[in-house]
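# Residue-level structural notes
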Amino acid sequence: MSRRTIAVDTLARVEGEGALDLVIRDGKVAKADFRIFEPPRYFEAFLRGRDFREAPDITARICGICPVAYLMGACHAMESICEVRVDGPLRELRRLLYCGEWIESHVLHMFMLHLPDFLGYQDSIAMAREHGDLVRRGLRMKKIGNALMTLTGGREIHPVNVKVGGFYRLPETSELAAFVDDLAWGLEAAEQTVRDLAKLEFPEFEQDYHFLALRHPDEYAITEGRLVSNKGVDVSIPEYDTILTEHHVAHSNSLQSEFLEGQRAHLGPLARLKINHDRLTPRALQAAEAAGLAGGSNNPFKSLLARAVETVFAFEESLRIVEGWQRPAQPAVEVVPRAGTGSGCTEAPRGLCYHRYTLDDAGIIQDAKIVAPTSVNQRIIESDLARVAEANLDLDDEALKWRCEQAIRNYDPCISCSAHFLKLTVDRG
Amino acid sequence: MKLLQRDRFDDLLATLRESGYRVLGPRLRDGAVVHGEIGGSADLPAGWRDHQAPGEYRLEASDAPDLFGYVLAAQSWKAVLFPAERPLFHARRVDGRLSFSAAVPDATPRALLGVRPCERRAIEVQDAVLRDGPYPDDDYSARRAAVFTVVVNCTRAASTCFCTSQGSGPRAEAGFDLCLTELTDDGPHRFVIEAGSPAGERVLAALRLSDATGADREAVELGTARAAGMIGRRLRNAGLPEALKAAPEHPRWKQVAERCLNCGNCTQVCPTCFCVAVEDQPDLAGSDATRSRRWDSCFNPAHSYVAGGVIRNSTRSRYRQWLTHKLATWHDQFGHSGCVGCGRCITWCPVGIDITEEANAIRQEA
Amino acid sequence: MPQAASHGVPMLPRPFRIARARREIRNVFTWELVPDDGGPQLGFVPGQFNMLYLHGVGEVPISISGDPAGGALTHTIRAVGAVTDVLQKLRRDDSIGVRGPYGVGWPVVEAEGNDILIVAGGLGLAPLRPAIHHVLAHRERYGSVGIYYGARTPADILFRKELERWRGRFDLFVEVTVDAAERGWGGRVGVVPKLIDPKRHNFDPAHTVALLCGPEMMMRYSVEALERHGVDSRRIYVSMERNMHCAIGLCGHCQLGSEFICKDGPVFPFARLAPVFHLREL
Amino acid sequence: MAAKRKPKLAVWKFASCDGCQLTLLDCEDELLAVADAVDLAYFPEATRAVLPGPYDVSLVEGSVTTAHDARRIQAVRKQSRLLVTIGACATSGGIQALRNFADVGDYARTVYAHPEFLDTLATSTPIADHVKVDFELRGCPIDKGQLVATLASLLRGRLPVLPDHSVCEECKRHGNVCVTVAHGTPCLGPVTVAGCGALCPKHTRGCYGCFGPAPTANPAALSARLAELGQSPGQIVHLYRGFNANAPAFRDESKRHEP
Ligand SMILES: Cc1cc2nc3c(=O)[nH]c(=O)nc-3n(C[C@H](O)[C@H](O)[C@H](O)COP(=O)(O)OP(=O)(O)OC[C@H]3O[C@@H](n4cnc5c(N)ncnc54)[C@H](O)[C@@H]3O)c2cc1C
Ligand code: SF4
Ligand code: SF4
Ligand code: SF4
């Protein structure tokens, strides 16, 4: 019985810190624990007793990579409790903000975190030496995403302009219109990116996933819809707790989610594409078709492509919004606190993000629950890892390590959200 | 003096534009009157009234038709003539050799519409510092030379105003290109308008206006006298500089320092404060750097820093510097007071500290 | 006063090159600068200062420490902080920006016919050095001339060789003292004000002009000593230091009461500052 | 001056949201220039490559919340010539320092079924409570411009000049209308250090203090005004207990108003 131990102290190019324990005995993976030791930060606890209007800004600090997911999740939950609907141009502006985050986050992940794996570089900076145009294109796309967030949210990380009921201050109609050229460029750049990435070699690794995403009757869902899966789940957002339950496992500082019985949910771009491909905007749909992703894909390595397709969508959707947007008179709907429990669910770049709050009649938070996408995906990451490792045992240690890291990066895990620092030990004992 | 009817006000704006000026004037933004680009009289805050008190400013709509019925915009014209941030020069290093290129002064012709008499005086006070000294500030001088000043006399005053103590208002006698007084009582909505410079004469001539009548002139007197009558604040200037300079250890400084936030708002809104910090913005490559200036304040520790420590290291000493400079040492430096009595530092102090109250208290007990 | 060569744009430096750099004492160094733009060398009067600009790092006011009669533009600088620490690392041929000269200097011409006392502490000797050069170059125009100089330790004595050369002359006296002696120090120990003694050093308080530069505390006690000996505070001159960002009266930082140190000073007759000199945190 | 060898830059993470280090990746225009000017010797969020220490500059994000991290920061300090803390977590303890005001056991039980699995300290503390810090960048998150200026200054051998004044001055420089004076909105601007560009007032909301207290802050004077504007003691407590709850000036003031 041969025993080899490989240690990767730092899993790089993920957002946060975690570790992986891989134990391989006699050519079989005996254990694959994806450990998260991002120290606990107790958001749910210190939200108790705070005013409901404080929740968006506070929960945004769960994650600097996808703060909009938290801002929006909290706003939607509060608005549902207070029976307020934010519609029309305000809803459009929120969607634009969210598209900005999708662009920023997806492009960051594609170009700076994930693509170097496919092209064999340690990082995008080394990659830039030989693929300068590609990296510069990525940076420019990302900058447009950030600029959208700054325009609508006030700053790219932890936007200050979002509030329950809408916004604090509205941009001018002309400020949105000024984005048309950049977005048109970005749309083409994103299409080119899909074409470029489709040429990459993807490892053969098809799995039978249970994909879960928001689905909306009219649009590619981001902030509203029902929770729909490719295997028959179709429930409303408040029923989230009936399909996903959190539990706390010993090897991790994050809370993992249990999905239905014995199943593991897969959230994120591949799930969204699988469930909502018929809701894609026209050019995004074309791009998906050309890349062979029209019906989604069961290969997690193709999440890279799915992100590219969604980037096309986000540019196309942003363009539509800025071209038609008219500044309304009021930046926000008035919100009067009410006692009750409500939830909000939105599609963070890396998957469904869930918020549930209970308020008293003065709007003071009595209870809060937040489920980050990575804590759901954590389990699927573990099962992927076990399989990827098993399928690649012929690789030498370094290559195996890299392949495992890449498999983790398929999920763009935001360990900050669920918890951070991936340490990979491969024990081939 | 001529008469400009309200319905011809846009002709005045058009004439200014035809003469090559960008017109800046009062507009509404975020619940306050601020200065901005003026396209037509519809952009002006017709009927809006500002209520100013220590630490408080509120706008209120009214049916009145007057375009200049507010008293004083949130910030002064300083922001236009002496912008809050401006590059000074660019420095480049190539092969170890340095070269410098100065930022080009901004000589855009601008018409400042709705300059209040106290603000007109404030511009003169800044002229003395920034333009008329041995080392004129090139950008200020250029902007200043390209400015066309349209003063609008005050017919209302805010509770925070004390221009009458400082001899700066409510009516401007000279030092403008045009001077308007808006009249809405006793007759049609109209402006009595007078030129104070050849450039002003030319604009007036182009407008072909009728002469103001004796009654109109009287209405100007009455209107501005009404404003003077509304002024409740007073700064007792006689002997004040000496009294302040003699009272550096007065207990009042410590008392006011307990209330003072040390936020610096008073210095930023003051139309005469001129302190700037000059800083370098280096690039990452090591080849380029820009040196710029930005408004500074004597409320900032860095303002008085020297290697080894901060000289004015307490709110007490910093507040003392502010008030003493404005009302006492400015006289020694420039031959007049550094305060024109606009009251902005009183309104926009978040805790409503009142310079007249502090000065009067120190003077009284000194 | 020589004109500031600023091409009409205030605060715009000219490029200069370090022709010579030498270490004086522990963290003090002297540069000789020559113009690097083909333009003329800067003239100055003793006591004036320049603004030295280091690309991307910052700008600091530094007195001119060289001979006003000509030669390279000389500055003596102590590394004490963000900018000066980096300046210290520059070498011969490196390029810096210079603008100036600024300020009101020592009254070396007005003082003709009087006895001259130079009272310096620490690095304060640097701004006084041009005045010493001037006085010695026109020695016949002055009465007695003397230098009182104090340093913290013998190792902190600036321009040591030059002080010794001056001490060797029969037409001026030089008294050097240190706050704390080290082994091998045969000279005086104590503070500068204690040295001041008209009888011993043969100067006439009624016809003496005293030029002071050093830490404010040292200047304060020296002024007191001089006044005690009968030197009128209108003939005692002090050089002041305050934060400066522009050096031309535009930035407001250097105000001391009614004075702008940069343009009304840095050299002032003490009488003019007397009402505020002792005030704390002014 | 300019070192021939490229300086080695390391980026470390403690308890945080990653936003501050993301700020570096958000410098789209400057990123490649940064990579030209320094060796990214340790920056897991961006690269797999790891160069051994010592590092010329370490950027440290996050607060210390576990015994393990308290040891780790010592190791980081030993390997770093200059240690620069970035963001509210690193400079004051961050939002997670709200635990410092409560019983952390209660907190853990609220969130986790098995708090006994957690390795966590009762407090969230800034890096400077543990090791010497050479320079700090404030903000939740830090400002991109300040970060680039800091790197550019460090490359030239000096510490950067950052404002020591209040958000108010920045607000006035931007021409914003004061939300407290003109609308009666509670705002921490007068006691918060500048750096963000007065973003919140620019969006007509009160500053929530994410850059932490200004060195000259006088929060007691502000609280008196907030009370006049109708803020209850509880609201005043919450105002100071945000992203810099544990910064001494805010912490002490919030305690004064505890009901
Ligand atoms: C008229 C005048 C003449 C001077 N002559 C000399 C001289 O001949 N030799 C010499 O070594 N020093 C001289 N100094 C002092 C010198 O300017 C400071 O030591 C220097 O500015 C410190 O800068 P720093 O960045 O290294 O220090 P830091 O302590 O890091 O200072 C930061 C910044 O504060 C400002 N600052 C700090 N101290 C002073 C100060 N004392 N005066 C003005 N601004 C300051 C500068 O802008 C400086 O860059 C003089 C100062 C003045 C006002
Ligand atoms: S000191 Fe106050 S009242 Fe006087 S000019 Fe300045 S802002 Fe106006
Ligand atoms: S010293 Fe203070 S009061 Fe005087 S001009 Fe400067 S900022 Fe204004
Ligand atoms: S007087 Fe008022 S505005 Fe000025 S610093 Fe003090 S609190 Fe701020």
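Computed from a prediction, not measured in an experiment: that's the story for all the values here.

## Structural notes on the overall build of chain D
A tally of regular secondary structure across chain D gives twelve helices and five strands. For a compact globule of 259 residues, the expected C-alpha radius of gyration is about 18 Å, and chain D comes in at 19 Å, within 12% of that figure. Based on the C-alpha atoms only, the size of chain D along its principal axes is roughly 60 × 50 × 25 Å. Out of the 259 residues in chain D, the part that is buried amounts to 65%. By sequence separation, contacts in chain D at least 24 residues apart represent 72% of the contacts at least 6 residues apart. When the accessible surface of chain D is totalled, it reaches about 8300 Å², and 55% of it is carbon and sulfur. Averaged over its 27 positive side-chain charges, chain D has a centre that lies 4 Å from the centre of its 26 negative ones.

## Side note on the interface of chain B and chain D
Contacts between the two partners involve 44 residues from chain B, matched on the other side by 34 residues from chain D. Of the roughly 3100 Å² buried between chain B and chain D, counting both surfaces, carbon and sulfur atoms make up 56%. It is B:D30, B:L261 and B:L284 in chain B that bury the most area against chain D; as a group they hold 22% of the surface buried on that side. At the boundary of chain B and chain D, one finds two salt bridges. The closest approach of N and O atoms between B:E85 and D:R173, which form a salt bridge, is 3.6 Å. Of all elements in the fold, only β3 (32-37), β5 (56-60), β6 (85-94), α9 (251-259), α10 (265-269), β13 (276-282) and β14 (288-295) of chain B reach the threshold of two or more residues within the side of chain B that touches chain D. Looking at side-chain class alone, the side of chain B that touches chain D contains 19 nonpolar, twelve polar and 13 charged residues.

## A closer look at the site of ligand 3
Looking at ligand 3, the residues that line it are B:T267, B:C273, B:F274, B:C275, B:S297, B:C298, B:Q321, B:W322, B:H325, B:K326, B:W330 and C:Q255. More than one chain approaches ligand 3, the contributing ones being chains B and C. Per element, the largest residue contribution to the shell around ligand 3 is five residues, and it comes from helix α11 (residues 315-334) of chain B.

## Focus: the confidence of the model for chain C
Across chain C, the average pLDDT comes to 92, with 97% of residues at or above 70. This stretch, residues 1-7 of chain C, has a pLDDT under 50; its non-local contacts, to residues over four places away or in other chains, come to 19 contacts.

## Brief notes about the sheet that holds strand β5 (residues 135-137) of chain D
Residues and elements named next belong to chain D. The strand order across the open sheet formed by five strands is β2-β1-β3-β4-β5, and the pairing between neighbours is parallel. Two strands bound the open sheet, and with one partner strand each, they are β2 (39-42) and β5. Direction aside, the axes of adjacent strands within the sheet are offset by 30° on average. Relative to β5, strand β4 (residues 80-86) is paired through three bridges, and the arrangement is parallel. Paired with T85 across the two strands is E136, which belongs to β5. Sheet contacts for helix α3 (residues 67-78): β1 (8-13), β3 (55-61) and β4; angle to β4, the most-contacted strand, approximately 130°. Across the face of the sheet, helix α6 (residues 144-155) comes into contact with β1, β3, β4 and β5 while running at roughly 155° to β5.

## Structural notes on the pairing of strand β11 (residues 208-213) of chain C
All names here are of chain C. Counting buried residues in β11 gives six out of six residues, a clear majority hidden from the surface. Neither face of β11 is open: one carries T208, A210 and L212, the other V209, L211 and C213, and all of them are buried. Sheet topology note: the strand β7 (residues 115-121)/β11 ladder contains six bridges and is parallel. Bridge pairing in β11 places A120 opposite C213. As judged from the three bridges shared by β11 and strand β12 (residues 236-239), these two strands associate in the parallel manner. Looking at β12, one finds that A210 is bridged to I236.

## Structural notes on the side chain of D:E169
Inspection of the secondary structure assignment puts D:E169 in helix α7 (residues 167-173). Buried charged residue D:E169 carries no salt bridge. Nearest counter-charge: D:R173, at 4.5 Å. Beyond its immediate chain neighbours, meaning those up to four positions away, D:E169 contacts B:C263, B:G264, B:Q268, B:S297 and B:N300.

## As for the site of ligand 1
Around ligand 1 lies a shell of 22 residues, among which B:Y305, B:A307, C:P61, C:R78 and C:T84 are the nearest. Around ligand 1, the nearby residues trace back to chains B and C. Within the side chain of C:E241, a nitrogen or oxygen atom sits 2.7 Å from a nitrogen atom of ligand 1. Relative to its unbound accessible surface of 820 Å², ligand 1 loses 90% to contact with the protein. Contributions of two or more residues to the shell around ligand 1 are made by β15 (305-306) of chain B together with β4 (58-63), β5 (73-78) and α1 (82-87) of chain C. If one sorts the elements of the shell around ligand 1 by residue count, β4(C) sits on top with five residues. Among the residues making up the shell around ligand 1, the classes are represented as 13 nonpolar, five polar and four charged.

## A few points about the packing of helix α13 (residues 373-391) of chain A against helix α14 (residues 397-409) of chain A
All names here are of chain A. Where α13 contacts α14, the axes come no closer than 9 Å and their chain directions differ by 150°. As judged from the angle between their axes, α13 and α14 are roughly antiparallel. For the pair α13 and α14, the crossing hand works out as right-handed. Within the contact between the two elements, α13 uses I381, L385, V388 and A389 and α14 uses L400, R403, C404, A407 and I408. Per-class residue counts for the contact of α13 with α14 are eight nonpolar, no polar and one charged.

How each quantity is defined
By convention here, each chain's residues receive numbers from 1 onward along its written sequence. Chains carry letters and ligands carry numbers; both start at the beginning, A for chains and 1 for ligands, and go up in the order they are written. The predicted nature of this model means local features are confined to residues of pLDDT at least 70 and side-chain atom pairs, given and counted, to a pLDDT of 80 or more, with totals for whole chains, interfaces and linings taken over all residues. The basis for the side-chain values is all heavy atoms of the structure; hydrogens and waters are excluded. Note on conventions: DSSP H or I runs of at least 4 residues are helices, E runs of at least 2 residues are strands, and numbering of each starts at the N terminus. C-alpha atoms define the radius of gyration in this analysis, and the globule rule sets the expected value at 2.2 Å times the number of residues to the power 0.38. Buried means the residue's accessible area, taken with a 1.4 Å probe over protein chains only, is under 20% of the maximum for its type, while exposed means over 50%, and partly exposed covers the values in between. In this description, contact between two residues means that some pair of their heavy atoms is separated by no more than 4.5 Å. Computed by Shrake-Rupley with a 1.4 Å probe, the accessible areas treat only the displayed protein chains as cover when residues are assessed. Counted as positive: Lys and Arg. Counted as negative: Asp and Glu, with His and the chain ends omitted from the count. Every charge is mapped to an atom, namely NZ of Lys, CZ of Arg, CG of Asp or CD of Glu. Note: buried area is the sum, over both parts, of the accessible area (probe 1.4 Å) each one loses when the two are combined. Salt bridges are identified by distance alone: a Lys or Arg side-chain nitrogen within 4 Å of an Asp or Glu carboxyl oxygen. In this classification, Asp, Glu, Lys and Arg are treated as charged, Ala, Val, Leu, Ile, Met, Phe, Trp, Tyr, Cys and Pro as nonpolar, and every other residue, Gly included, as polar. Here a residue is considered near a molecule or strand provided that any single heavy atom belonging to it is located within 4 Å of it. The predictor rates its confidence in each residue with pLDDT, a number between 0 and 100. At least two DSSP bridges between two strands are needed for those strands to be called paired. Geometry is summarised by axes, namely lines fitted to C-alpha atoms with helices restricted to the contacting stretch, and by angles between N-to-C directions that run from 0 to 180 degrees. Any N or O atom pair separated by 3.5 Å or less is treated as a polar contact, with the protein-specific requirement of one donor-capable and one acceptor-capable atom, and with residues adjacent in sequence counted only for side-chain atom pairs. Relative orientations are named as follows: roughly parallel for angles under 35 degrees, roughly antiparallel for angles over 145 degrees, roughly perpendicular for angles from 65 to 115 degrees, and oblique for any other angle. Rotating anticlockwise by less than a right angle from the far helix to the near helix defines a left-handed crossing, while the corresponding clockwise rotation defines a right-handed one.

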